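For reference, the chains in residue letters:
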Amino acid sequence: MPTMLEVRGLSHRYDGREAHLAVNDLSFTVEAGELACIVGPSGCGKSTLLRCIAGLVKASEGTVRLHGDEVVGVPADLAVVFQDYSRSLFPWLSVAGNVEFPLKSTKIARDDRRRRVEEALEWVGLSGARRKYPWQLSGGMQQRVSIARALASRPALLLMDEPFASVDAQTRFELEDLTRRVQREHGSTVLLVTHDIDESVYLGDRVLVLSKSPASIVADLPVSLPAERDQITTRESGEFVKLRGEVARLLQNPRELAHERNA
Ligand SMILES: Nc1ncnc2c1ncn2[C@@H]1O[C@H](COP(=O)(O)OP(=O)(O)OP(=O)(O)O)[C@@H](O)[C@H]1O
């Protein structure tokens with residue numbers, strides 16, 4: 001698989017009266033068609049890392065390359081799904097209008113745009129809600145609109161920043177399954193950030209474990225669960241239980257265990 005994302009020696013320091021090193025010398029790659037999860041403790045620098053990758057923040061040091069091109073500013077073929085769906089959708093636009101909105105600033109012809117919107121809504125199971133407004137939908141449905149909007153642009157890389165942290169547990173399971181299904185059906189490359197250990201193992205083809213602030217990589221674990229996953233049986237499987245234990249231990253005691261793993 002070709003490399004889609006390459007992060008090399010990335011560090012970011014917030015300047016100001018209280019200068020703060022948020023990300024410290026991170027290097028990793030994500031291959032095309034892979035779903036990689038980043039898991040780290042609250043406040044460790046996960047969002048900062050994603051903002052640097054998305055070109056929203058210029059890293060103090062290091063480089064980010066998307067399909068070989070250095071990221072300077074937000075790449076046209078990158079999409080982000082944020083945690084807070086209520087602030088990322090326009091309340092005055094219908095569901096279809098929200099999904100179409102970013103496509104309007106591209107050269108994609110109107111008919112093609114409409115086709116993409118219909119297709120993306122179908123992928124997330126929202127074709128029947130196309131004329132509704134965000135405030136007429138449940139939280140989970142609103143987040144599905146955000147996912148459809150991101151997918152409609154057919155991004156080379158989809159970044160997801162704690163995308164299911166604001167929905168209830170049942171909806172969270174549904175959205176996790178939707179993300180894996182869509183990612184596999186369309187071969188999308190996804191980098192998803194979460195603080196939820198179980199979610200990182202359930203969703204990921206790989207889990208990158210981050211240290212406490214400033215974020216650095218403690219481990220890069222392949223997930224050898226079957227590609228077809230199920231919220232009940234996968235979570236009960238020995239491999240799942242073993243991996244979630246390993247991630248939990250790495251988060252609790254990063255230096256010692258990372259040293260043991262590398263020994
Ligand atoms: N604009 C900013 N200016 C100064 N410091 C910042 C800024 N944004 C974040 N920080 C600091 O950088 C550190 C990392 O923040 P970041 O939001 O990246 O972490 P996170 O892992 O995403 O947190 P959470 O899990 O709580 O969402 C924190 O200590 C935070 O206070």
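Residues numbered from 1 in each chain as written. Predicted model: local features only at pLDDT ≥ 70, side-chain atom pairs only at ≥ 80, totals over all residues. Heavy atoms only, no water.

1. A word on the packing of aromatic side chains
No. 1: Taken as a whole and assessed by the stated rule, the structure comprises three aromatic pairs.
No. 2: Taking 5.1 Å as the distance between ring centres and 35° as the angle between the ring planes, the aromatic pair formed by phenylalanine 90 and tryptophan 92 counts as tilted.
No. 3: Residues phenylalanine 90 and phenylalanine 101 carry aromatic rings whose centres are separated by 4.8 Å and whose planes lie at 65° to one another, so their mutual orientation is edge-to-face. One end of the pair, phenylalanine 90, is in the loop between helix H2 (85-88) and helix H3 (95-100); the other, phenylalanine 101, is in the loop between H3 and helix H4 (110-123), with 11 residues separating them in the sequence.
No. 4: With a relative accessible area of 43%, phenylalanine 101 lands in the partly exposed category.
No. 5: Grouped by ring-pair contacts, the aromatic residues Phe90, Trp92 and Phe101 constitute a single cluster. (Phe/Tyr/Trp six-rings, centres within 6.5 Å; stacked < 30°, edge-to-face > 60°. Helix = DSSP H or I, 4+ residues; strand = E, 2+ residues; numbered from the N terminus. Buried < 20%, exposed > 50% of the residue type's maximum accessible area, 1.4 Å probe, protein only.)

2. Points about the site of the ligand
No. 1: The full set of residues close to the ligand is Tyr14, His20, Ala22, Pro41, Ser42, Gly43, Cys44, Gly45, Lys46, Ser47 and Thr48.
No. 2: Interatomic distance of 3.0 Å between a backbone N/O atom of cysteine 44 and an oxygen atom of the ligand.
No. 3: Bound to the protein, the ligand loses 59% of the 640 Å² it would expose on its own.
No. 4: Looking at the shell around the ligand, the elements with two or more residues in it are strand S2 (20-31) and helix H1 (46-53).
No. 5: In terms of residue count, H1 provides more of the shell around the ligand than any other element does, three residues in total.
No. 6: Of the residues in the shell around the ligand, the class split is four nonpolar, six polar and one charged. (Near = heavy atom within 4 Å. Polar contact = N/O pair within 3.5 Å; in protein donor to acceptor, adjacent residues only side chain to side chain. Areas by Shrake-Rupley, 256 points an atom, 1.4 Å probe, with all protein chains shown as cover. Nonpolar A, V, L, I, M, F, W, Y, C, P; charged D, E, K, R; others polar.)

3. Regarding the pattern of salt bridges
No. 1: One pass over the structure, following the stated rule, counts 19 salt bridges.
No. 2: Look at the salt bridges and you will find they share partners, linking Arg172, Glu176, Asp196, Glu199 and Arg235 into a network. (Salt bridge = Lys/Arg side-chain N within 4 Å of Asp/Glu carboxyl O.)

4. Some points on helix H9 (residues 238-252)
No. 1: An ideal rise of 1.5 Å per residue puts 21 Å on 15 residues; H9 measures up with 21 Å between its terminal C-alpha atoms.
No. 2: Within H9, burial applies to Phe240, Leu243, Gly245, Val247, Leu250 and Leu251. (Expected span 1.5 Å × (residues − 1).)

5. Regarding the environment of lysine 132
No. 1: Counting through the fold element by element, lysine 132 comes out in the loop between H4 and helix H5 (139-152).
No. 2: Residue lysine 132 is classed as partly exposed on the basis of its relative accessible area of 38%.
No. 3: Each C-alpha atom of the pair lysine 132 and serine 94 lies 5.4 Å from the other, and the pair is 38 residues apart in sequence.

6. Remarks on the nonpolar core
One broad rule of soluble globular proteins: the nonpolar side chains tend to lie buried together.
No. 1: Val99, Leu121, Ile147, Leu158, Met160 and Phe164 are the most contacted members of the largest nonpolar core, which totals 35 residues.
No. 2: Among the elements of the structure, strand S3 (35-39), strand S6 (78-81), H3, H4, H5, strand S7 (157-161), helix H6 (169-186) and strand S8 (190-194) are those that each provide at least two residues to this core.
No. 3: Per-element tally for this core: the top contributor is H5, with six residues.
No. 4: In contact with valine 99, not counting residues within four places along its chain, are Val117, Ala120, Leu121, Val145, Ala148, Arg149 and Ala152.
No. 5: Met4, Val23, Val71 and Leu208 belong to the second largest nonpolar core, which has 32 residues in total. (Core = buried A, V, L, I, M, F, W, Y, C linked by side-chain atoms within 4.5 Å. Contact = heavy atoms within 4.5 Å.)

7. Section: the UniProt feature "domain: ABC transporter" (unreviewed entry) in the chain
No. 1: With numbering matched to this structure, UniProt assigns "domain: ABC transporter" (unreviewed entry) to residues 5-237.
No. 2: In this annotation, residues 5-237 is assigned 32% helix and 26% strand; the end-to-end C-alpha distance for the span is 31 Å. (UniProt positions renumbered as here; feature names shortened; annotations may be inferred.)

8. Here we look at the pairing of strand S9 (residues 206-210)
No. 1: Counting buried positions along S9 gives five out of five residues, so the element sits mostly inside the fold.
No. 2: Neither face of S9 is exposed, since Arg206, Leu208 and Leu210 on one face and Val207 and Val209 on the opposite face are all buried.
No. 3: With four bridges connecting them, S3 and S9 associate as parallel partners. Looking at S9, one finds that cysteine 37 is bridged to valine 207.
No. 4: Relative to strand S10 (residues 217-222), S9 runs antiparallel, the two being bridged by five bridges. By the bridge assignment, valine 207 is partnered in S10 with leucine 221.
No. 5: Hairpin remark: S9 followed by S10, antiparallel, with six residues in the connecting loop. (Pairing = 2+ DSSP bridges.)

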